[in-house]
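# Report on the structure
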Amino acid sequence: MKNDHLYEKTIETKSIYKGKIIDLNLVDVELPNGEKSKREIVNHPGAVAIIALTPDEKLLLLRQFRKPLERTIIEIPAGKLEKGEDPLDAAVRELEEETGYKTNELKHITSFYTSPGFADELIHLYYTDQLLPGQTNMDDDEFLDVLEVTLDEALEFVEKEEVYDAKTVFAIQYLQLKKCLKG
């Protein structure tokens, strides 16, 4: 293994909590210097997020209350993977469920870990500008507003801290970079 001098060997894993979305484990590890330590690790099934542009180049965003933050924020469409679900299939599903738009063309942009210091959640980010009318089908406990905004409006949301999550900031910066590279 590369960088063996940094590796933390797992000694024991104890399940603390098994939930609907996450599991929490307490892991005893042996550090590279031989000392022992504990790690609290959140296991998550992974998620998808979609940068979706309408034919008139408006970005689809969602306004949603987030209980951990005790506030409403604006995000790109996203959702967790079901057990064994292909990320591309999940992205198609989440896009229609949350926005009412479908697509036959999604491009994988990248995948990234959200908080590798304590969680293994991996988000797969997709892009489409090929939207077709569909039908929303939100979860029973999901309430949100769909917004269609220009890139400048999205950047204003970041400045006003209405866009406050990493995946959405990443998506907006991606679009901004793409626009700059076009010329």
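Quick look at the structure, then. (Residues numbered from 1 in each chain as written. Predicted model: local features only at pLDDT ≥ 70, side-chain atom pairs only at ≥ 80, totals over all residues. Heavy atoms only, no water.)

### Some details on the sheet that holds strand β12 (residues 144-149)
Within a sheet, neighbouring strands are paired by backbone hydrogen bonds and run either parallel or antiparallel to one another. A sheet is described by the order of its strands in space; here three strands give the open sequence β6-β5-β12, paired in antiparallel fashion. In the strand order of this sheet, the two ends are held by β6 (71-75) and β12, each with one partner. When the angles between neighbouring strand axes are averaged without regard to direction, this sheet yields 25°. One ladder, built from six bridges, connects strand β5 (residues 59-66) with β12; its direction is antiparallel. Within β12, the residue paired with Leu-59 across the bridge is Val-149. (Pairing = 2+ DSSP bridges. Helix = DSSP H or I, 4+ residues; strand = E, 2+ residues; numbered from the N terminus. Axes fitted to C-alpha atoms, helices over the stretch in contact; angles between N-to-C directions.)

### Here's the deal with the nonpolar core
By size, the foremost hydrophobic cluster in this structure holds 22 residues, and its most contacted members are Ile-51, Leu-59, Leu-61, Val-149, Phe-157 and Leu-175. Taken together, the elements giving at least two residues each to this core come down to β4 (47-52), β5, β10 (122-128), β12, α2 (151-159) and α3 (166-182). Ignoring any residue separated from it by four or fewer positions in sequence, one finds Ile-51 in contact with Leu-59, Leu-125, Tyr-126, Tyr-127, Thr-128, Ala-171, Tyr-174 and Leu-175. By size, the runner-up hydrophobic cluster in this structure holds 11 residues, among which are Ile-50, Ala-52, Leu-81 and Ala-91. (Core = buried A, V, L, I, M, F, W, Y, C linked by side-chain atoms within 4.5 Å. Buried < 20%, exposed > 50% of the residue type's maximum accessible area, 1.4 Å probe, protein only. Contact = heavy atoms within 4.5 Å.)

### Some points on α3
Each α-helix turn comprises 3.6 residues. Residues three or four places apart therefore point the same way. End to end, α3 covers 24 Å across 17 residues, agreeing with the expected 24 Å (1.5 Å per residue, within 8%). Those residues of α3 lying buried are Lys-167, Thr-168, Ala-171, Ile-172 and Leu-175. Taken down its axis, α3 places every buried residue within 135° of arc, on the same side. For α3, exposure combined with an orientation more than 90 degrees from the buried face picks out Ala-166, Leu-177, Cys-180 and Leu-181. (Expected span 1.5 Å × (residues − 1). Arc of directions from axis to C-beta.)

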